[in-house]
Amino acid sequence: MKKGVIVVAGGIGQRMGRSFPKQFLPIGGIPLLMRTMLAFYHYEEEMEFVLALPQAYIPYWKKLCEQQSFIVPHRLISGGATRFDSVYNALQEISAEVRLIAVHDGVRPLVSHQLIERAFTEAARSGAAIPVMPVVESLRCVTDGGSGVAVRRADYRSVQTPQIFVADILRAAYRQPYREEFTDDASVVEAVGYPVTLIEGETRNLKITTPYDLMVAETLCAHE
């Protein structure tokens, strides 16, 4: 089945403590967002790409692609006010012949080919697949009083991307109106009654959010 990937990079990275969007910062000498897209391109060169960016930084991205001789062909769209809006807009650009669609955070540059393959394989089988990781910290559910109550961490998983779906399922899910509880694509798909299968994620598939994450990613890249 023909594959496509929507790369969501619409944020500006306020937690990074910089005025410049984190997706353009270099990791191992390569802009973070380019490294993310190259991971999918090197997995399958025929994959179709749609990239959602903040409108204000689209000219910068185009110039950066020229400077870096970036080889990944992609359609470029302006990110929406929410992740939901960005993915909805990107879906309008995905070709009809694409049968499996991945949605991936633009700031997860260290995703492996093995994880991409597992997610695509499971999505082709079950219709929807997302990578998750066990929670290692103790968890508490915060109450109105502020103290919170302990909960069983064995009952929870942290969620990663790529989240991959049969195209018809993802398109149908994104026809519903936006709701605040839509924190990722799996929550959108589940809201219209489609089950989502969990697969094993990867520790190194971290989301670059803080300066510490950036240092960890640099270290991992140095040992590739």
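The structure this text deals with has already been given above.
Now for a description of the structure that goes with this document. (Residues numbered from 1 in each chain as written. Predicted model: local features only at pLDDT ≥ 70, side-chain atom pairs only at ≥ 80, totals over all residues. Heavy atoms only, no water.)

### Regarding the overall build of the chain
The helix and strand inventory of the chain stands at seven helices and twelve strands. At 17 Å, the chain has a C-alpha radius of gyration in line with the 17 Å of a compact globule built from 224 residues. Dimensions of the chain along its principal axes, counting C-alpha atoms only, are 55 × 40 × 35 Å. Out of the 224 residues belonging to the chain, those deemed buried represent 50%. Sequence separation of 24 or more characterises 72% of the internal contacts of the chain that already satisfy a separation of 6 or more. Accessible area of the chain: about 11200 Å², with a carbon and sulfur share of 51%. (Helix = DSSP H or I, 4+ residues; strand = E, 2+ residues; numbered from the N terminus. Rg over C-alpha atoms; globule rule 2.2 N^0.38 Å. Buried < 20%, exposed > 50% of the residue type's maximum accessible area, 1.4 Å probe, protein only. Contact = heavy atoms within 4.5 Å. Areas by Shrake-Rupley, 256 points an atom, 1.4 Å probe, with all protein chains shown as cover.)

### Regarding the environment of Y178
Inspection of the secondary structure puts Y178 in the loop between helix 5 (167-173) and helix 6 (185-191). Remark: the alpha-carbon pair of Y178 and A96, spanning 82 residues in sequence, is separated by 23 Å. Apart from residues lying up to four places away in sequence, Y178 is in contact with T82 and F84.

### Concerning the packing of helix 1 (residues 32-43) against helix 2 (residues 58-68)
Look at helix 1 against helix 2: their axes get within 11 Å of each other, and the N-to-C directions meet at 70°. On the basis of the axis angle, helix 1 is roughly perpendicular to helix 2. You can see that helix 1 and helix 2 cross each other, and the crossing is right-handed. Between helix 1, through L33, M34 and M37, and helix 2, the contact on the second element is made entirely by W61, L64, C65 and Q68. A per-class count over the contact of helix 1 with helix 2 returns six nonpolar, one polar and no charged. (Axes fitted to C-alpha atoms, helices over the stretch in contact; angles between N-to-C directions. Parallel < 35°, antiparallel > 145°, perpendicular 65-115°, else oblique. Left-handed = near helix turned anticlockwise from the far one by under 90°. Nonpolar A, V, L, I, M, F, W, Y, C, P; charged D, E, K, R; others polar.)

### Considerations on unusual backbone geometry
For the bond from T161 to P162, the omega torsion is 15°, close enough to zero to count as cis. In this model, S69 sits at a positive phi of 50°, which is unusual for a non-glycine residue. With respect to the element layout, S69 can be found in the loop between helix 2 and strand 5 (75-78).

### What to know about the nonpolar core
One finds L33, M37, F49 and W61 to be the most contacted residues of the largest nonpolar core, which totals 33 residues. For this core, the secondary-structure elements that each account for two or more residues are strand 1 (3-8), helix 1, strand 4 (48-53), helix 2, strand 6 (100-105) and helix 4 (113-126). In terms of residue count, helix 1 provides more of this core than any other element does, eight residues in total. For F49, the residues in contact, after removing those within four places along its chain, are V5, V7, M37, F40, Y41, V72, P73, H74 and R75. Core analysis: the next-biggest nonpolar cluster, separate from the first, contains 27 residues, V87, V103, L170 and V196 among them. (Core = buried A, V, L, I, M, F, W, Y, C linked by side-chain atoms within 4.5 Å.)

It is worth stressing that arrangement in space is one thing and function is another; only the former is reported here.
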